[in-house]
Amino acid sequence: MPDLMDGVANFRRDVFPGKAGLFARLATHHRPATLFIGCSDARVVPELITQSEPGELFVIRTAGNLVPAHGPAPDGVAASIEYAVAVLGVTGIVVCGHSGCGAMTALAEGHDLSAAPQVAAWLRGAHAAPSRTAPAGSGPAAVAALVRANVSAQLRNLAGHSSVARALAARQLTLHGWVFDIATGTVERLEASDPAGA
């Protein structure tokens, strides 16, 4: 924890003064253009990857960059999506998977998750098993294929959320699938999808 407080002190001393005007504006203005749904993995930092300033991205991070299918039960991910689309009016949503994803590795290789029952339930409950559409097997190639299949599956789940479906139908929103490669820093664009045809 002391390291984090050192970081806060550095931010206040070295970064904040040069961005004081930006933060003054952000204190009363919140209009990000993009919702970025990424993995909770500490190696995947949306603002760093996209070189975005504070206020430009609305970020949701979940294990495996999963988007649960829309349903009637209260859901923090669904609430955040709805807020970004219906209230903030984002015009783009990126679902970003990444190389070496622990969640996709666990699925691809059939790891025993009995010691992590919440993780196991999350992976099952969010329908994160596009393993039916990815090549069978284990190892890096199978994980990489599952990462890509998972991004596509989450885009489909996302399109089923009522706020997203309405914005897509009104041609006010586009969906994009990315995979970030940690070792090279590259981003592969898997698809840009707009079911409404925009």
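The present account deals with the structure reproduced in this document. (Residues numbered from 1 in each chain as written. Predicted model: local features only at pLDDT ≥ 70, side-chain atom pairs only at ≥ 80, totals over all residues. Heavy atoms only, no water.)

## Re the overall build of the chain
Okay, step 1: Tallying secondary structure elements over the chain gives eight helices and five strands in all.
Okay, step 2: When the helices and strands of the chain are placed in sequence order, the string is α-α-β-α-β-α-β-α-α-α-α-β-β.
Okay, step 3: At a minimum sequence separation of 6, the contacts of the chain that also span at least 24 residues come to 65%.
Okay, step 4: Accessible area for the chain stands at about 10,500 Å²; split by element, carbon and sulfur atoms hold 58% of it. (Helix = DSSP H or I, 4+ residues; strand = E, 2+ residues; numbered from the N terminus. Contact = heavy atoms within 4.5 Å. Areas by Shrake-Rupley, 256 points an atom, 1.4 Å probe, with all protein chains shown as cover.)

## Some remarks on a nonpolar patch on the surface
Okay, step 1: On the surface, M1, L4, M5 and V8 cluster together into a nonpolar patch covering about 450 Å² of accessible area.
Okay, step 2: Here L4 shows up in helix 1 (residues 2–15). (Patch = residues over 30% accessible without salt bridge, like charges linked within 9 Å, V, L, I, M, F, W, Y side chains within 5 Å. Salt bridge = Lys/Arg side-chain N within 4 Å of Asp/Glu carboxyl O.)

## Examining the side chain of H98
Okay, step 1: Tracing the backbone through its elements, the reader meets H98 in strand 3 (residues 92–98).
Okay, step 2: On the accessibility criterion, H98 (0% relative accessible area) is buried.
Okay, step 3: When near neighbours in sequence (up to four residues on either side) are disregarded, H98 contacts C39, D41, R43, V44, V147, V179, F180 and I182. (Buried < 20%, exposed > 50% of the residue type's maximum accessible area, 1.4 Å probe, protein only.)

## Examining the nonpolar core
Okay, step 1: Residues L35, I37, I81, I93, L158, V164 and L173 are the most contacted members of the largest nonpolar core, which totals 32 residues.
Okay, step 2: Taken together, the elements giving at least two residues each to this core come down to strand 1 (34–39), strand 2 (57–62), helix 4 (76–87), strand 3, helix 5 (102–108), helix 7 (140–159), helix 8 (162–169) and strand 4 (174–180).
Okay, step 3: The greatest single-element share of this core, amounting to six residues, is contributed by helix 7.
Okay, step 4: Discounting residues that sit within four places of it in the chain, I37 has contacts with I60, N65, V67, I81, I93, V94, V95, C96 and L158. (Core = buried A, V, L, I, M, F, W, Y, C linked by side-chain atoms within 4.5 Å.)

## Some words on the packing of helix 4 against helix 8
Okay, step 1: Following both chains from N to C, one finds helix 4 and helix 8 inclined at 30 degrees, their axes separated by 8 Å at the closest point. As the angle between them shows, helix 4 and helix 8 are arranged roughly parallel. Here helix 4 runs over helix 8; the crossing is left-handed. Within the contact between the two elements, helix 4 uses I81, E82, V85 and A86 and helix 8 uses S163, V164 and A167. (Axes fitted to C-alpha atoms, helices over the stretch in contact; angles between N-to-C directions. Parallel < 35°, antiparallel > 145°, perpendicular 65-115°, else oblique. Left-handed = near helix turned anticlockwise from the far one by under 90°.)

## Some remarks on the pairing of strand 3
Okay, step 1: Counting buried residues along strand 3, seven of its seven residues qualify, which places the element largely inside the surrounding structure.
Okay, step 2: A two-sided burial pattern is seen for strand 3, the buried positions comprising G92, V94, C96 and H98 on one face and I93, V95 and G97 on the other.
Okay, step 3: Pairing between strand 1 and strand 3: four bridges, direction parallel. If you follow T34 over to strand 3, its bridge partner there is G92. (Pairing = 2+ DSSP bridges.)

## As for the side chain of T105
Okay, step 1: Residue placement: T105 occurs in helix 5.
Okay, step 2: In this structure T105 touches G100, G110, H111 and V143, once residues within four positions along its chain are discounted.

## Considering the environment of P17
Okay, step 1: Relative to the assigned elements, P17 resides in the loop between helix 1 and helix 2 (20–26).
Okay, step 2: We classify P17 as exposed; its relative accessible area is 52%.
Okay, step 3: With near-sequence residues (within four places) excluded, P17 lies in contact with F11 and R12.

## Some words on helix 4
Every α-helical turn comprises 3.6 residues, leaving residues that sit three or four positions apart pointing alike.
Okay, step 1: End to end, helix 4 covers 15 Å across 12 residues, agreeing with the expected 16 Å (1.5 Å per residue, within 8%).
Okay, step 2: Buried within helix 4 we find V77, A78, I81, A84 and V85. When helix 4 is viewed along its axis, its buried side chains cluster within an angular range of 130 degrees and face the same direction. Exposed side chains of helix 4 directed beyond 90 degrees from the buried face belong to G76 and A86.
Okay, step 3: The N-terminus of helix 4 is capped by D75, whose side-chain oxygen sits 2.7 Å from the backbone nitrogen of V77.
Okay, step 4: G89 sits one or two residues past helix 4 and shows a positive phi near 70 degrees. (Expected span 1.5 Å × (residues − 1). Arc of directions from axis to C-beta. Polar contact = N/O pair within 3.5 Å; in protein donor to acceptor, adjacent residues only side chain to side chain.)

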